[in-house]
Amino acid sequence: MPATPAWPPQSAPRLYVDTALGAGVAVALDGSPAHYLIAVMRVKAGDTVLLFDGKSGEWAATARDIRKRDLVLDCVAQTKPPEPVPDFWLCAAPIKKGRIDLIAEKACELGVARLQPVLTRRAVVDKLNLDRLHAHLVEAAEQCGRNMLPELCEMVKLDALLRDWPDGRHLFFADETGGTPIAEALTAHPGPAAFLVGPEGGFDPEERAAIRAHPAAVPVSLGPRILRAETAAIAATAAWMTLNGDWKGFDPQSD
């Protein structure tokens, strides 16, 4: 008697699509996504492709009508529901191209709910290509199995971020002048949170004073060494996920 195929298919290509998914939905693809499936992954009619749209969970779809540059994918069954996302935001000052891309990629992999760029006085970059950052979020989600993309926000100035900060959300920030050790601070302040990381040159004295004066702010120390901005962002996010997020009590058998 033949063995029952594993479900969901673990070896199937996995792809983000900008189409609301559901039972019976047909997704027509062309351009780069179609090229990836047809020319790179060698998808044939009847093959399974895993799709996610950032809202509807993950769906298994069957390929059909495959031509040289386009194909159609028919949604058959939901393989994973929309994932629960920890209530954690990463607020990061823009830094050089490549490094901010790394922050976006790792924020997605680590489970961040929102990525909020924040313009500060010492930032050497004052504009961001959000389309490029979104592409990095998508690529990271496709690779790591995530089916809910982080919300990517328009860049705001630091004073606007502080002015409009929501009640009930802790604002941890890496303070080069010193603060509570991060593990101690995170343990003492559970609940909805965000981490604010400055640019390559750090916050200037007025910015630091304004952040410290905010009632939601919790200055923390990331240890004895000077960290790059992208390292601080990744390390702080991992620490929060370990102590307060979905790394705490994660069951590998639940995936």
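About the criteria used
Going along each chain's sequence as written, the residues are numbered from 1 onward. pLDDT decides what is reported in this predicted model: residues at 70 or higher carry local features, side-chain atom pairs at 80 or more are listed and counted, and totals for whole chains, interfaces and linings draw on all residues regardless. Side-chain metrics in this entry use all non-hydrogen atoms of the structure; hydrogen atoms and water are not considered. Secondary structure elements are defined from DSSP: runs of H or I of at least 4 residues count as helices, runs of E of at least 2 residues count as strands, and each element is numbered from the N terminus. Working rule for contacts: check all heavy atoms of both residues, and any pair within 4.5 Å makes them a contact. We call two strands paired when DSSP finds no fewer than two bridges between them. A fitted line through C-alpha atoms represents every axis, and for helices the fit uses only the stretch in contact; the resulting angles, taken between N-to-C directions, go from 0 to 180 degrees. We define a nonpolar core as any set of buried Ala, Val, Leu, Ile, Met, Phe, Trp, Tyr and Cys residues linked to one another through side-chain atoms lying within 4.5 Å. Any residue under 20% of the maximum accessible area for its type is buried, any over 50% is exposed, and the rest in between are partly exposed; the area is computed with a 1.4 Å probe on protein chains only. The arc under discussion is defined with respect to the helix axis, by the directions toward the C-beta atoms. In protein, a polar contact requires one atom able to donate a hydrogen and another able to accept it; more generally it is a pair of N or O atoms within 3.5 Å, and residues adjacent in sequence count only if both atoms are side-chain atoms.

**Q** If you had to explain the environment of Leu222 to someone new, which residues and values would you point to?
**A** By the element assignment, Leu222 lies in the loop between strand 13 (217–221) and helix 7 (229–243). For Leu222 and Tyr36, which are 186 residues apart along the polypeptide, the C-alpha to C-alpha distance reads 41 Å. Contact partners of Leu222, with chain neighbours within four places excluded, come to Ala174, Ile182, Phe195, Leu227, Ala232 and Ala236.

**Q** Please set out the sheet that holds strand 3 (residues 48–52) residue by residue, giving values where relevant.
**A** Spatial ordering of the open sheet is given by 1-3-4-5-2, a layout of five strands whose pairing is mixed. Each having just a single partner strand, strand 1 (14–16) and strand 2 (26–30) make up the two edges of the open sheet. Within this sheet the neighbouring strands show an average axis-to-axis angle of 40°, counted without direction. Where strand 1 and strand 3 come together, three bridges link them in parallel fashion. In the strand pairing of strand 3, Arg14 is matched with Leu50. In the packing of helix 1 (residues 31–40) onto the sheet, contacts are made with strand 1, strand 2, strand 3 and strand 5 (70–80), and the angle to strand 2 comes to roughly 95°. Each of strand 1 and strand 3 touches helix 3 (residues 130–144); the most contacted strand, strand 1, lies at about 155° to it.

**Q** Describe the nonpolar core, naming the residues involved and giving the relevant values.
**A** Generally speaking, soluble globular proteins have nonpolar side chains that are buried together. Core analysis: the biggest nonpolar cluster contains 36 residues, and Leu90, Phe172 and Phe195 have the highest contact counts within it. Considering every element that reaches this core, the biggest residue donor is helix 7, with seven residues. Excluding residues within four positions of it along the chain, Leu90 makes contact with Ile103, Ala107, Val112, Arg114, Leu115, Gln116, Phe195, Val197, Ala233 and Thr237.

**Q** Which residues make up helix 6 (residues 205–213), and what values go with them?
**A** Taken together, the buried positions of helix 6 are occupied by Glu207, Arg208 and Ile211. Along helix 6, the residues classed as buried sweep out an arc of 100° about the axis, all on the same side. Seen from the open side of helix 6, the exposed residues pointing more than 90 degrees away from its buried face are Pro205, Glu206 and Ala213. Where helix 6 is buried, its residues touch helix 4 (158–163), strand 10 (170–174), strand 12 (193–197) and strand 13. Sitting at the amino-terminal end of helix 6 is Asp204, which places a side-chain oxygen 3.2 Å from the backbone nitrogen of Glu206.

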